[in-house]
Amino acid sequence: MAAPGPRRLSAAFREHLRLLGLRDFPCGLGSWNKSRFGARTSPSGQEEDEDLPLGEESPQALMELLRDPHSPWALPPGCSPQDQQLRDVAVQAPQLVSGTRVLQVFRSLRIVGKGVEEVDEDLLQLQHLEELILCANQISRVTSANLPRMLKVLELCCNAVADLQELCSQPPPQLQHLGLGYNRLCGPSQDKYLTADFWPNLVSLDLCFNNLTELLELVSQLSSLQKLRVLVLQGNPLALIPAYRGFVVDGLPQLSVLDDIHIEPDERHQFRGLARQPELIRSGAQVVVSIGKIKGVPDPSALQELEVDTKAAAITYSYCVTYEFTEGEEVEDGGSTEVTTIHQSPAVATLGADSSAWDMGETKGQQESAAVEEPMAHAAHLFVTPGKPWADTIDCSYRKEHTAKDLVGLKGYLEAGTIVSVVEEKVLSWPVDADSEESAVTNKKAGQGLKKDGGKGPVPKDKQKQQEKKKKKQPCELRSDPPIRRTLGSRRVSLEALLATEDLVATVCDFGILITEQPLQPPSLEEKVPKADLPLSPGKRKNKDSAEPEEGQGLEAVPLTVEFQVQLLRWPSAAAQSPGSTVAVDKAP
C-alpha cells in the first residue's frame, strides 16, 4: 500500500468550504427560500409578495440563525470576517456563490493549524485572492508559481520554512507583507533573497524567531527595500547583540517600526552614524546575572540536636545559590565562583568531571521532581555563589557579567530557561586524637629516664602539673570531613521574555515552606500522669486555655525564597524609557 502523500492546501480549502456550508440551510437554495427567488421583485429589490408560503423563512430570520452565537448554524471560532460575509451573501443572493463562482468571490483565505504541507497549483483558481494566511501548519517550502498574482499579503508564521529559493523564483509582484516568523531560516544563506529584486513593493517583513545571525549582511540586503516600513527581527540570535537596535535604525533609514516599537526622531538621531561602525556588532551578547537575598532557611542549630553521633564534632553550615548559563560563553574569572560543566540529555542533567565536589545524591529525587519539568537541550555551566553563614536573611550580593559569543547557543539557553537552586553545605570537623601519641612519647621518655637515673623513683608532682598545663595551652587541631551538600529548593526560571524586547527578568523564586525534623522532647509531667489525676483549679485551667492561642500566634512559617534576575545588556533607546519588566513571583509546584 502506497504511503499517503503530503497534505495539500487544496484539500484543506475544500474542507473549509464544507465548514462554511454555503449550499446548506440556512444558506444556498432550498425549500426554505425557493419561492422567493422565483417571485417578481420590485426595482428597489423588495419582493412584491410579502406573504411567505408555508415552510419558508424570511431573509431576516435566516440571517439571525447565522449571526446568533448560540445557534447551531453559527460559525465556529477562528473564522475570518470574510467567512461571515460569504454566508450572508449565500442567504441574500445564493446564486453568486454557487458552483465555481464562489472561487471568484474569495479575497482572503485563512487556513490555520490544519496540517498543510504543500501549497499546490489548485490555489491559482482563486484568481482574485489578495490575502493568504497559512499559520501553524507544516509547510517547509513554497513554490511561488502556485501563488495567485494578485496576492498582497502572505503569512507563513509558525511553519518549517528553511529555504526561500523556491519562494523567490516567481514571487507575486504586488506583495506588500511577507510573514516568515517562527520558521527555520538560518543566515547568511537566506539573506540574499530579501532584496528589492524579489520584493519591490514590500512594506512589512516579519522574520522574528528564526536563527538569523549575520546582522551586517542582513541590513545590507534589506537596505534595497525602499518601501519597507515595518520590520520584525526579535527572537533571532542577531537581536541579542547590545548595539542591534541602533545598528538597524541607522542602517535602514526608511523604517518606521522595528520590533513593534515606533522609531522616534530622537532615537534616530541618537544612533546616527552607528551603521558605519560594524566592529560594534561583533562583540557578542552580554548578560548580567544578579542574586540577592535568601529567606526562609531553617535554623541549623535545631538540626544539630538530632546529630547523635556527631556531638564531639564542630559543625559549620553555609548556604549558596547555583544557576546555569550557556556553555558557549567566555568565562573571564572564576575567583569567587565555582564553575561546573553540565551535559544536558533527555534524562536528568548530570555533572561533568568536576562534579566530585558537588555530590547531590542525597537530594536527587527532590531535584528531579521540583526542577526538571522539561529537560533542557543544551550544554551549560553551573555557577555557584560564595557560601554564606546562616542568618534569617542571607544577603548573597552576587553579580556576574557573562559574555556569550555563540548567539545561537544563547538563544537556546534563553528559550529553555535556567535552573536556580539553594544549596546547604555542612562540614564536620573532628579533633585530632593525639593522646595516644603523646602517651607513647611520654612512656618512652620515662623509660629512658629510669634507665639513666638508675631507678630514682616516679616523676615529681610539680613536673606532672607543668606537663598538664602545657597540654592545655596547645591549640586543638581539627580534621574536616568532605562537605555534605543538600539542595533545599530548585526550580526553573523562564527567560523567554529576553528574546523579545524585554531587557530584564526579575523574579523571586518561591520554593515553598521547608519541613524539618524536630528534636525529640522528653515527656512532660502532664503526659506521664493522666489528666484526670491532675487536680487543677478553675483559675489555672482558664489561664492554660487562654495561653494556647498566644503560643500559636508567634509561629509563622516563612517560605524559602531567593531574589534572582537576569539582564540582557542593550544600548539605551530613546523610544523605550520605561523599565524592561516587572517583578513577578514564581512558586514551585
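Residues numbered from 1 in each chain as written. Predicted model: local features only at pLDDT ≥ 70, side-chain atom pairs only at ≥ 80, totals over all residues. Heavy atoms only, no water.

K.L.:
I'd like to hear about the overall build of the protein chain, residue by residue, with values.
P.N.:
Tallying secondary structure elements over the protein chain gives 15 helices and 21 strands in all. Nonlocal contacts in the protein chain, meaning residues at least 24 apart in sequence, comprise 74% of its contacts between residues at least 6 apart. Carbon and sulfur atoms form 52% of the exposed surface of the protein chain, whose accessible area is close to 33100 Å². (Helix = DSSP H or I, 4+ residues; strand = E, 2+ residues; numbered from the N terminus. Contact = heavy atoms within 4.5 Å. Areas by Shrake-Rupley, 256 points an atom, 1.4 Å probe, with all protein chains shown as cover.)

K.L.:
Run through the packing of helix 3 (residues 59-67) against helix 4 (residues 81-92), naming residues and quoting values.
P.N.:
For the pair helix 3 and helix 4, the least separation of the axes is 10 Å and the interaxial angle reads 155 degrees. When the interaxial angle is binned, helix 3 and helix 4 end up roughly antiparallel. In this structure, the crossing between helix 3 and helix 4 has a hand that is right-handed. The residues of helix 4 that touch helix 3, namely those facing Pro59, Leu62, Met63, Leu66 and Arg67, are Gln84, Arg87, Asp88, Val91 and Gln92. Split into classes, the residues belonging to the contact of helix 3 with helix 4 amount to 5 nonpolar, 2 polar and 3 charged. (Axes fitted to C-alpha atoms, helices over the stretch in contact; angles between N-to-C directions. Parallel < 35°, antiparallel > 145°, perpendicular 65-115°, else oblique. Left-handed = near helix turned anticlockwise from the far one by under 90°. Nonpolar A, V, L, I, M, F, W, Y, C, P; charged D, E, K, R; others polar.)

K.L.:
How would you sum up the pattern of salt bridges? Please name residues and give values.
P.N.:
In the structure shown here, the tally under the stated rule is 7 salt bridges. Notably, a salt bridge pairs Arg7 with Glu15, separated by 3.0 Å at the nearest N-O pair. Note on Arg7: relative accessible area 25%, which makes it partly exposed. The class for Glu15 is partly exposed, based on a relative accessible area of 36%. Between Arg479 and Asp481 there is a salt bridge whose closest N-O contact spans 3.2 Å. Overall, Asp481 belongs to the partly exposed group, its relative accessible area being 24%. (Salt bridge = Lys/Arg side-chain N within 4 Å of Asp/Glu carboxyl O. Buried < 20%, exposed > 50% of the residue type's maximum accessible area, 1.4 Å probe, protein only.)

K.L.:
Which residues make up helix 6 (residues 215-222), and what values do they have?
P.N.:
Looking only at helix 6, the buried set comprises Leu215, Leu218, Val219, Gln221 and Leu222. Down the axis, helix 6 shows its buried residues gathered within 160 degrees of arc, on one side only. On its buried face, helix 6 is in contact with strand 5 (204-206), strand 6 (230-232) and helix 7 (244-251). (Arc of directions from axis to C-beta.)

K.L.:
For the pairing of strand 19 (residues 504-510), give the residues involved together with the corresponding values.
P.N.:
Burial analysis of strand 19 places 5 of its 7 residues in the buried class, which makes it a mostly covered element. Pairing analysis gives 7 bridges linking strand 19 to strand 20 (residues 561-568), with the strands arranged antiparallel. From the neighbouring strand, Asp510 faces strand 20, where its bridge partner is Thr561. (Pairing = 2+ DSSP bridges.)

K.L.:
Explain the sheet that holds strand 5 to me, and be specific about the residues and the numbers.
P.N.:
What the 8 strands build is an open sheet, ordered 1-2-3-4-5-6-7-8; its pairing is mixed. The strands lining the two open edges of the sheet, one partner per strand, are strand 1 (108-110) and strand 8 (261-262).

K.L.:
Would you mind going over the environment of Gln176 in detail, with residue names and values included?
P.N.:
Tracing the backbone through its elements, the reader meets Gln176 in the loop between strand 3 (153-155) and strand 4 (177-179). Judged by relative accessible area, Gln176 falls into the partly exposed class, the value being 37%. Here the alpha-carbon distance between Gln176 and Lys152, two residues 24 residues apart in the chain, equals 5.2 Å.

K.L.:
Report on the pairing of strand 9 (residues 285-295), specifying residues and quantitative values.
P.N.:
Counted residue by residue, strand 9 has 8 buried out of 11 residues, so it is predominantly covered. Pairing between strand 9 and strand 15 (residues 393-404): 10 bridges, direction antiparallel. In the strand pairing of strand 15, Ile294 is matched with Ile394. Here strand 9 runs beside strand 20; their pairing, made up of 7 bridges, is antiparallel. Bridge pairing in strand 20 links Ile291 to Phe564.

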